[in-house]
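# Residue-level structure breakdown
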Amino acid sequence: MKSEGIEGTDRFLSPGKGRGLKALKHFKVGDLVFSCPAYAYVLTVNERGAHCEFCFTRQEGLSKCGKCKQAYYCNVDCQKGDWPMHKLECSAMCAYGENWCPSETVRLVARIIVKQKLQKDRTPSERLLALSEFESHLDKLDNEKNEMNEADIAALHHFYSRHLDFPDKATLNELFAGVNNNGFTIEDEELSHLGSAVFPDVALMNHSCSPNVIVTYKGTTAEVRAVQDISPGEEIFNSYIDLLYPTEDRNERLIDSYFFECDCKECTTKSKDKAKMELQKNLSSPPEPEEIRQMVRYAKNVIEEFRKAKHYKNILSCSLAFL
Ligand SMILES: C[S@@+](CC[C@H](N)C(=O)[O-])C[C@H]1O[C@@H](n2cnc3c(N)ncnc32)[C@H](O)[C@@H]1O
Ligand SMILES: [Zn+2]
Ligand SMILES: [Zn+2]
Ligand SMILES: [Zn+2]
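Identification of the protein chain as [histone H3]-lysine(4) N-trimethyltransferase from Alosa alosa is taken from an unreviewed UniProt entry.

### Thoughts on the coordination of the zinc ion (ligand 2)
Taken together, Cys 52 (SG), Cys 55 (SG), Cys 74 (SG) and Cys 78 (SG) make up the full set of protein donors to the zinc ion (ligand 2), lying 2.3 to 2.4 Å away. For the zinc ion (ligand 2), the 4 donor atoms in the first shell make angles of 99 to 117° at the metal, so the coordination geometry reads as tetrahedral. Between consecutive donors of the zinc ion (ligand 2), the numbers of intervening residues give the motif C-x2-C-x18-C-x3-C. Here Cys 55 is found in the loop between strand E4 (40–43) and strand E5 (63–64), whereas its partner Cys 78 is found in helix H1 (residues 76–86), with 23 residues between them in sequence. Judged by its relative accessible area of 24%, Cys 55 is partly exposed. For Cys 78, a relative accessible area of 11% translates into the label buried.

### What to know about the site of ligand 1
With respect to spatial proximity, 16 residues lie near ligand 1, and among them Lys 17, Arg 19, His 137, Asn 206 and Tyr 258 are the closest. Asn 181 is positioned such that a nitrogen or oxygen atom in its side chain is 3.1 Å from an oxygen atom of ligand 1. One of the side-chain N or O atoms of Asn 206 is found 2.8 Å from a nitrogen atom in ligand 1. Considering ligand 1 on its own, with 560 Å² of exposed area, one finds that the protein chains cover 94% of that surface. Put simply, the parts of the chain that give the shell around ligand 1 at least two residues each are strand E2 (18–23), helix H5 (169–182) and strand E9 (206–207). Tallied by class, the residues present in the shell around ligand 1 amount to 6 nonpolar, 7 polar and 3 charged.

The rules behind the values
Residues numbered from 1 in each chain as written. Chains lettered and ligands numbered in written order. Predicted model: local features only at pLDDT ≥ 70, side-chain atom pairs only at ≥ 80, totals over all residues. Heavy atoms only, no water. Donors = N, O, S within 2.8 Å, 3.2 Å for Na, K, Ca; no water. Tetrahedral: all angles 85-135°; square planar, octahedral: opposite > 155°, others 65-115°. Helix = DSSP H or I, 4+ residues; strand = E, 2+ residues; numbered from the N terminus. Buried < 20%, exposed > 50% of the residue type's maximum accessible area, 1.4 Å probe, protein only. Near = heavy atom within 4 Å. Polar contact = N/O pair within 3.5 Å; in protein donor to acceptor, adjacent residues only side chain to side chain. Areas by Shrake-Rupley, 256 points an atom, 1.4 Å probe, with all protein chains shown as cover. Nonpolar A, V, L, I, M, F, W, Y, C, P; charged D, E, K, R; others polar.

As structure tokens, then:
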């Protein structure tokens, strides 16, 4: 099946960075560059009951799976939609009880294997980069990383053998390494961790410490928006890491997790390092009790405002739907 591509962008070879994404048209700050449904995703265990496992909607009074009583859904449609994935875990969670403890990466990889069996054609999440093309850097893994992969593969066999036919070990090794290098964590608007996912087209973007897009999430779909004006021909860069750290720390993290050293303008000029080091110093000295009280009060108010805004947005979209 021929891929349709993503309007206004194209895949290209970015010198020294492998494949990348470039703009073919002008994007203004705030423009949606593209959105990408998750190829596969998993809700984190700690958010069970608060979010629907299928669409990630947060609401009170979700209905739980009658069998395992661990997975919660908006309605029967969401439960049915999730069954091909949830069935991997439903009976295993009953059987293992408290001993059921695969890591989130293992849970995600189990879902990817199911998805690969169910959908042979290119998916809408792979318009420019297919999951099978993920850069895994397998040749660069050190002993520690190889051992972690081995442990993940053992856990996959341990917890999922009843419902899954596994590919061979070399393929699994490559899949875990590819997911570690290209996977995303999904956060809500309060930046709490909701789950893990793969969005192949989003993973095509290379990293910069001065990115021109950011990725946010609507349910299980990633949205890529411009945070700087982007001209035709320019590369589209996302940031893979927390940018509040100085250059040396950022590069340690990039080398360790993604196997490259960044050569962006921020890393070359180090112009913000002094301010960032100052910030880290302030963050590492413990604040006074009154400061903590003020911060908690402030954070609670902000969260409350977010929730209200979200609530009103939902009411508004329901009302508009009735008009
Ligand atoms: C999520 S993938 C991005 C797409 C990748 N270039 C490809 O061809 O599949 C992450 C990998 O891209 C490369 N990469 C990303 N940003 C880079 C940068 N700023 N400089 C050099 N390599 C980079 C590294 O090999 C990294 O492990
Ligand atoms: Zn739902
Ligand atoms: Zn269940
Ligand atoms: Zn950089």
